[in-house]
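Topology and contacts: notes
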Amino acid sequence: MSLRAARLLVWPFAVAALALRVCAELWFKPLTWRIDPNGVALLTWVAVLAGTLLVPWAGYNLLTRSNRRPATWQVDAARNRFVAPSSPRWMGPWSMVLGWIAAAFVQTERIAGEDRAQLVQIPGVLALAIAVPLLVLGGIALTLLLNRPRLTLDRDGITAKGLVRRTFLPWDRLVPGGPPPPPPKAASIPLMRVPAVPGKPPYPYPLAAGRLHVEPGFLANTIRQYVEHPEHRSAIGTQRELDRLHATLR
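Thresholds applied
Residues numbered from 1 in each chain as written. Predicted model: local features only at pLDDT ≥ 70, side-chain atom pairs only at ≥ 80, totals over all residues. Heavy atoms only, no water. Helix = DSSP H or I, 4+ residues; strand = E, 2+ residues; numbered from the N terminus. Rg over C-alpha atoms; globule rule 2.2 N^0.38 Å. Contact = heavy atoms within 4.5 Å. Areas by Shrake-Rupley, 256 points an atom, 1.4 Å probe, with all protein chains shown as cover. Lys, Arg positive; Asp, Glu negative; His and termini not counted. Charge placed at Lys NZ, Arg CZ, Asp CG, Glu CD. Axes fitted to C-alpha atoms, helices over the stretch in contact; angles between N-to-C directions. Parallel < 35°, antiparallel > 145°, perpendicular 65-115°, else oblique. Left-handed = near helix turned anticlockwise from the far one by under 90°. Nonpolar A, V, L, I, M, F, W, Y, C, P; charged D, E, K, R; others polar. Phe/Tyr/Trp six-rings, centres within 6.5 Å; stacked < 30°, edge-to-face > 60°. Buried < 20%, exposed > 50% of the residue type's maximum accessible area, 1.4 Å probe, protein only. Patch = residues over 30% accessible without salt bridge, like charges linked within 9 Å, V, L, I, M, F, W, Y side chains within 5 Å. Salt bridge = Lys/Arg side-chain N within 4 Å of Asp/Glu carboxyl O. Expected span 1.5 Å × (residues − 1). Bend = angle between axes of the 7 residues up to and from the residue.

Glancing now at the overall build of the protein. Counting its secondary structure elements, the protein contains 6 helices and 9 strands. Taking 2.2 N^0.38 as the reference for a compact globule, 250 residues should give roughly 18 Å; the C-alpha atoms of the protein span a radius of gyration of 24 Å, well beyond that estimate. Along the first, second and third principal axes, the C-alpha set of the protein runs to 80 × 40 × 35 Å. Taking contacts inside the protein between residues at least 6 apart in sequence as the whole, the part at least 24 apart equals 62%. Accessible surface computed for the protein: about 13500 Å², of which carbon and sulfur atoms make up 64%. Averaging the locations of the 29 positively and 14 negatively charged side chains of the protein gives two centres separated by 3 Å.

Bringing the packing of helix H3 (residues 88–102) against helix H4 (residues 123–145) into the picture now. For the pair H3 and H4, interaxial distance at closest approach is 9 Å and the crossing angle is 165°. The angle between H3 and H4 falls in the class roughly antiparallel. The handedness of the crossing between H3 and H4 comes out as right-handed. Contacts from Met91, Ser95, Leu98, Gly99 and Ala102 in H3 reach Val132, Pro133, Val136, Ile140, Thr143 and Leu144 in H4. For the contact of H3 with H4, the class distribution of residues is 8 nonpolar, 3 polar and no charged.

Here we take up the packing of aromatic side chains. Evaluated as defined, the whole model comprises 4 aromatic pairs. With 5.5 Å between their ring centres and 70° between their planes, Phe13 and Tyr60 make a pair best called edge-to-face. Here the residue Phe13 occupies a position in helix H1 (residues 3–32), and Tyr60 occupies one in helix H2 (residues 38–63), the gap between them amounting to 47 residues. Taking the centre distance of 6.4 Å and the plane angle of 45° together, the rings of Trp73 and Phe218 count as tilted. Pair noted here: Trp73 is in the loop between H2 and strand E1 (74–76) and Phe218 is in helix H5 (residues 216–228), with a separation of 145 residues, a long-range link. The two residues Trp73 and Phe218 agree in class, both being buried. Put simply, the rings of Trp73, Phe82 and Phe218 touch in pairs and so form one group of aromatic residues.

Time to look at a nonpolar patch on the surface. A contiguous nonpolar patch, built from Leu142, Leu145 and Leu146 and spanning about 330 Å² of accessible area, is present on the exposed surface. By the secondary structure assignment, Leu145 is in helix H4. Judged by relative accessible area, which is 70%, Leu145 ranks as exposed.

Bringing H2 into the picture now. When the terminal C-alpha atoms of H2 are compared, their 38 Å separation across 26 residues agrees well with the 38 Å that a helix rising 1.5 Å per residue should span. The largest bend in H2 comes to about 30°, at Gly51. Within the sequence span of H2, burial applies to Ala41, Trp45, Leu49, Thr52, Leu53, Pro56 and Tyr60. Where the residues of H2 are buried, they touch H1 and H3.

Another aspect to go through is the side chain of Arg21. Of note, Arg21 is situated in helix H1. The contact partners of Arg21, leaving out residues within four places of it in the chain, are Leu49, Thr52, Trp100, Ile101, Ala103 and Ala104.

Quick look at the structure:
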């Protein structure tokens, strides 16, 4: 599956996690009221509740299992930069968790004298049941549209754009010799920064590699290459430089 398709699937699977939990609250939970003893009813409900998250999670992972983090960069020749977009294998699960949690604001209640459930009819609670899921799903869609988080490299340095925060790391402020090769599934890579005040020791910046669609080892080697070889920085953002980088790091 292409990276674009994997990203497009994130939002509908987040909607599915939300919808499954709401449906379970309205239609399956009343069935547990008829189960004796209460302990069995509780275990049954917990299993179903967990399934409303695990089923879409497993389905998404199955469809995107081929989307492994590549040892390469996307070339943005128009802006002379290399780009590592957000990883759908990271965005997908977290978006489903957020959708599933948002469904908890859709409060239900038992209809008097019946084994059926309905939405809580209190105006303020009903408003939250509508507003919170819409805000969460809208935030997920906006995050996907803005391609956050992502990482870009250009001749001046590294720009890490998180969900809300932007951090710029100039090449000349990074300590040569690092970062060290990380484990294959490293969640972060420690970049050592030279302090602005002379005499102070270097301090780390944890680069969130686990959120990016680039292999962590290749990411660390690329950064080390440009920190130690400033003569190659001006070519960043070209296919020719990416080919040279592959040949060097291989």
